[in-house]
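# Remarks on the overall topology
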Amino acid sequence: MREATLNDVTSAPAGSVAYFAERFDRGLAATIEAVAALLVLVEIGVLLTGVVARYVFHAPIVWSDELASILFLWLSMLGAVVALRRGEHMRMTGMLGLIGPRTRALLETLAITVPVAFLGMILHPATDYAMEEQFIVTPALEISNAWRAAALPTGIALMLVAALTRLMRLRSPKLVGAAVLLTAVVAVLFWLAGPVFKPLGQLNLIIFFVGVVAANVFAGVPIAFSFALATFGYLGLTTTTPMLVMVGRLDEGMSHLILLAVPLFIFLGLLIEMTGMARAMIQFLASLLGHVRGGLSYVLIGAMYLVSGISGSKIADMAAIAPVLFPEMKKRGAAPGDLVALLSATGAQTETIPPSIVLITIGSVTGVSIAALFAGGLLPAVVLGAALCAVVWWRYRHEDLSHVERTPKKEIARLAVVALPAILLPFVIRAAVVEGVATATEVSTIGIAYATLMGLLVYRQFDWRRIKPMLIETASLTGAIIFIVGCATAMAWGLTQSGFSRDLARWMAGIPGGGYGFLAISIVAFIILGSVLEGIPAIVLFGPLLFPIARAAGVHEVHYAMVVIFAMGIGLFSPPFGVGYYGACAISKVHPDEGLKHIWGYVAALLIGLVVVAAVPWISTGFLPF
């Protein structure tokens, strides 16, 4: 979710430090955003060229994937810079609304100074790491790996500059001084306490990975930096591990080939909205069900099922659907609170719909087959969708539709023809990956080409002026996602090296109820984690630890993936802490308080659906191709 913007940033008086910082920031932002947008475009071009060469000319380009992976790391780091400057790194802001304005302003400033502290400390090890990589030669291009690894110190340095510039733009020197002093004092106290930490053993896990992480997350520090700072402190103060190793784990987490699909699906989702394909699907569904009691609510659930997962952002999915449906739903007398509650609930219900970025992330960190995850995610979402439909039926069973006219069959047929190219795309993407025809990365490039052609030739809706902002948005969201994957990977490695994974496996093995007992504990844990950490951080952090335990307990890995994704989604889209709920409120322009009395029925339906999915493994595994 987007960071709250500080009120005293911008509009600085001419000649002041803040004024020059603002001008420098604009120039820096324009340069970095242009390069990041160009990298997205080149990445798409390289991967699409590789796909055409492989499938059309049957002459694979051996270096295309290697070049794409090099560009991807640069894109991720520059995207992280863009996200930091624009305040789009994932963070929990629920607690900030419960405190006074002065304390909130201090915490907002700490949300800048804490990342500055980490970036300043990790810059030198990152530079050393890139220099060490110069002796490694890449297999296909036969160039020094330093060309790829240099993205890490470059991105870290630019993030440091962006954060410092943001601090200088603040027009409250006392506030900045207090935040800097508090950050420095805490850092010095931890450094002085180093000799005290070392003899504490496993207790350090509680201090750093629970205490430090929780303190930073609840204070509004971006989650990626909360993970990174805790890992840096744990390794630096309680072990003899060189910081180069942490940078290496950060690099490893951000360099999975599977993650190449992330920016492509994000851009594809934006294309589907821009070309009018999403609107065409929604209008067709509305013509079928608009005359039924609660019909447009059913359309909302169905539209989220079709569109969801492609963009990589549930907020983007909601933004494509809500403006089309909500005006008519309000005309029919639907309460705004009920609309935002249902929109938020569908966000949780459709978390497993391929090509979900969460599914791709699970595959990258746990080794579970992406094709199996794509195949297993469709039916569980139907089960939870049916549970939501039951609530809709009950709430709207007395809806007055006397003023609503049924859409003529000829009009339905016309809308079906118009929507057909759009409806086919999500199913072609999913079928291609599930059947092994193409990888997720390959099919995303084909999807981009298809959506572009449909927008230009069929829907005649293609705004060239929006391409650059879409490319920048793709880079920013990619950077936020991939950087948090890297930081969570480093933290998970630290937990594993401490022996925590062995202790966790031993404890989980003693849970009564076998596999179902393990699933019950996991559901509770991931609902809590989803509400605090959002989805991807929780999955990356605990996936490598828990999936092996699930297999040992006799739980199929695809079944377990569906259960934890839904549990995480329920936490993410439920008040009072779930940021997804507040995102739905922002898109719907409805105050969060209006949705509170309506959402709990939908949450109960989601929980019932989750219990059914957990209790019946066949729902997740019955259609696996192998």
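Rules used throughout
- Residues numbered from 1 in each chain as written.
- Predicted model: local features only at pLDDT ≥ 70, side-chain atom pairs only at ≥ 80, totals over all residues.
- Heavy atoms only, no water.
- Helix = DSSP H or I, 4+ residues; strand = E, 2+ residues; numbered from the N terminus.
- Rg over C-alpha atoms; globule rule 2.2 N^0.38 Å.
- Buried < 20%, exposed > 50% of the residue type's maximum accessible area, 1.4 Å probe, protein only.
- Contact = heavy atoms within 4.5 Å.
- Polar contact = N/O pair within 3.5 Å; in protein donor to acceptor, adjacent residues only side chain to side chain.
- Core = buried A, V, L, I, M, F, W, Y, C linked by side-chain atoms within 4.5 Å.
- Bend = angle between axes of the 7 residues up to and from the residue.
- pLDDT = per-residue confidence, 0-100.
- Axes fitted to C-alpha atoms, helices over the stretch in contact; angles between N-to-C directions.
- Parallel < 35°, antiparallel > 145°, perpendicular 65-115°, else oblique.
- Left-handed = near helix turned anticlockwise from the far one by under 90°.
- Nonpolar A, V, L, I, M, F, W, Y, C, P; charged D, E, K, R; others polar.
- Patch = residues over 30% accessible without salt bridge, like charges linked within 9 Å, V, L, I, M, F, W, Y side chains within 5 Å.
- Areas by Shrake-Rupley, 256 points an atom, 1.4 Å probe, with all protein chains shown as cover.
- Salt bridge = Lys/Arg side-chain N within 4 Å of Asp/Glu carboxyl O.
- Expected span 1.5 Å × (residues − 1).
- Phe/Tyr/Trp six-rings, centres within 6.5 Å; stacked < 30°, edge-to-face > 60°.
- Lys NZ or Arg CZ within 6 Å of the ring centre and 35° of its normal.

### Here we look at the overall build of the chain
Tallying secondary structure elements over the chain gives 28 helices and zero strands in all. The C-alpha radius of gyration computed for the chain amounts to 24 Å, which stays within 12% of the reference 25 Å derived for 626 residues, consistent with globular compactness. Its C-alpha atoms give the chain principal-axis dimensions of about 75 × 60 × 55 Å. Counting across all 626 residues of the chain, residues that qualify as buried make up 57%. By sequence separation, contacts in the chain at least 24 residues apart represent 82% of the contacts at least 6 residues apart.

### Let's talk about the side chain of T238
Summarising the element assignment, T238 is placed in helix α9 (residues 223-238). Assessed through its relative accessible area of 14%, T238 is described here as buried. At 2.4 Å, the side chain of T238 and the backbone oxygen of Y234 are in polar contact. Dropping the residues within four chain positions of it, T238 is found in contact with F197, K198, N204, F208 and G233.

### Some remarks on the nonpolar core
Counting 214 residues, the largest nonpolar core has F526 and Y560 as the members making the most contacts within it. In terms of residues, this core owes the most to one element, helix α21 (residues 467-497), which gives 16 residues. With residues near it in sequence (within four places) discarded, Y560 still touches F518, L519, S522, F526, L546, F547, A550 and V555.

### Regarding helix α19 (residues 409-434)
Remark: the principal bend of α19, roughly 50°, maps to A419, with a proline, P421, within the next four residues. Downstream of α19 by one or two residues, G436 has phi in the positive range, about 80°.

### What about the confidence of the model for the chain?
Taken as a whole, the chain shows an average pLDDT of 86; of its residues, 95% reach a score of 70 or greater. When the elements of the chain are averaged for pLDDT, helix α22 (residues 500-509) gives the smallest value, 73, and helix α4 (residues 146-149) the largest, 94.

### Section: the packing of helix α1 (residues 17-55) against helix α2 (residues 64-86)
One way to put it is that α1 packs onto α2 with a least axis distance of 9 Å and a crossing angle of 150°. It follows from the interaxial angle that α1 and α2 lie roughly antiparallel. Crossing of α1 against α2: the hand is left-handed. Residue classes in the contact of α1 with α2 are distributed as 18 nonpolar, two polar and seven charged.

### Considering the packing of helix α10 (residues 243-254) against α21
Following both chains from N to C, one finds α10 and α21 inclined at 130°, their axes separated by 7 Å at the closest point. On the basis of their axis angle, the class for α10 and α21 is oblique. Considering how the two elements wind past one another, α10 and α21 form a crossing that is right-handed. Contacts from V245, M246, R249, L250, G253 and M254 of α10 reach α21 at I482, F483, V485, G486, C487, T489, A490 and W493. Looking at side-chain class alone, the contact of α10 with α21 contains 10 nonpolar, three polar and one charged residues.

### Re a nonpolar patch on the surface
Residues L181, V185, V188, L189, W191 and L192 make up a contiguous nonpolar surface patch of about 640 Å² in total accessible area. Of note, L181 is situated in helix α6 (residues 173-192).

### Some points on helix α12 (residues 277-289)
Compared with the 18 Å implied by 1.5 Å per residue over 13 residues, the 19 Å span of α12 between its first and last C-alpha is a close match. Along α12, the residues classified as buried are M277, A278, A280, M281, I282, F284, L285 and S287.

### Some details on the packing of aromatic side chains
In the structure shown here, the tally under the stated rule is 13 aromatic pairs. On the basis of an interplanar angle of 50° and a centroid distance of 6.2 Å, the ring pair of W393 and W394 is categorised as tilted. Grouped by ring-pair contacts, the aromatic residues F190, F197, F208, F209 and Y234 constitute a single cluster. Here R249 stacks its cationic end above the ring of W493, 5.8 Å away from the centre of that ring. The ring of Y602 has R395 lying over it, and the distance from NZ or CZ to the ring centre is 4.4 Å.

### A few points about the side chain of H89
By secondary structure assignment, the location of H89 is in the loop between α2 and α3 (101-132). By relative accessible area, H89 is classed as buried at 1%. Of note is the side chain of H89, whose polar atom sits 3.0 Å from the backbone oxygen of A80.

### A short note on the pattern of salt bridges
Inspection of the entire model under this criterion finds 15 salt bridges. Among the ionic pairs, R249 bridges to E252, the shortest N-O distance being 2.8 Å. In this pair, R249 and E252 both sit in helix α10, three residues apart, roughly one turn of the helix. Owing to a relative accessible area of 22%, R249 belongs among the partly exposed residues under this scheme. Here the salt bridges do not stand alone but share partners, grouping D25, E33, R85, R86, E88 and R169 into one network.

### Details of the environment of K468
The topology assignment puts K468 in helix α21. Using a relative accessible area of 49% as the deciding quantity, one classes K468 as partly exposed. Along the chain, K468 and E33 lie 435 residues apart, while their C-alpha atoms are 9.3 Å from each other.

### Digging into unusual backbone geometry
At H58, a residue that is not glycine, the phi angle is positive and equals roughly 55°. Relative to the elements of secondary structure, H58 occurs in the loop between α1 and α2. Backbone geometry at E142 places phi at a positive 55°, although glycine is not the residue there. Mapped onto the elements, E142 comes out in the loop between α3 and α4.

### Details of the environment of V262
With respect to the helices and strands, V262 occurs in helix α11 (residues 261-274). Here V262 falls in the buried class, since its relative accessible area comes to 0%. As a C-alpha pair, V262 and K597 span 335 residues in sequence and 36 Å in three-dimensional space. If we skip the residues at most four places from it in the chain, V262 touches I357, I481 and I482.

### Details of the environment of V555
Tracing the backbone through its elements, the reader meets V555 in the loop between α24 (535-552) and α25 (557-572). The exposure class of V555 is buried, given its relative accessible area of 6%. Distance from V555 to R102, taken between C-alpha atoms, is 49 Å for residues 453 residues apart in sequence. What V555 contacts, discounting residues up to four positions off in sequence, is G515, F518, L519, A550 and Y560.

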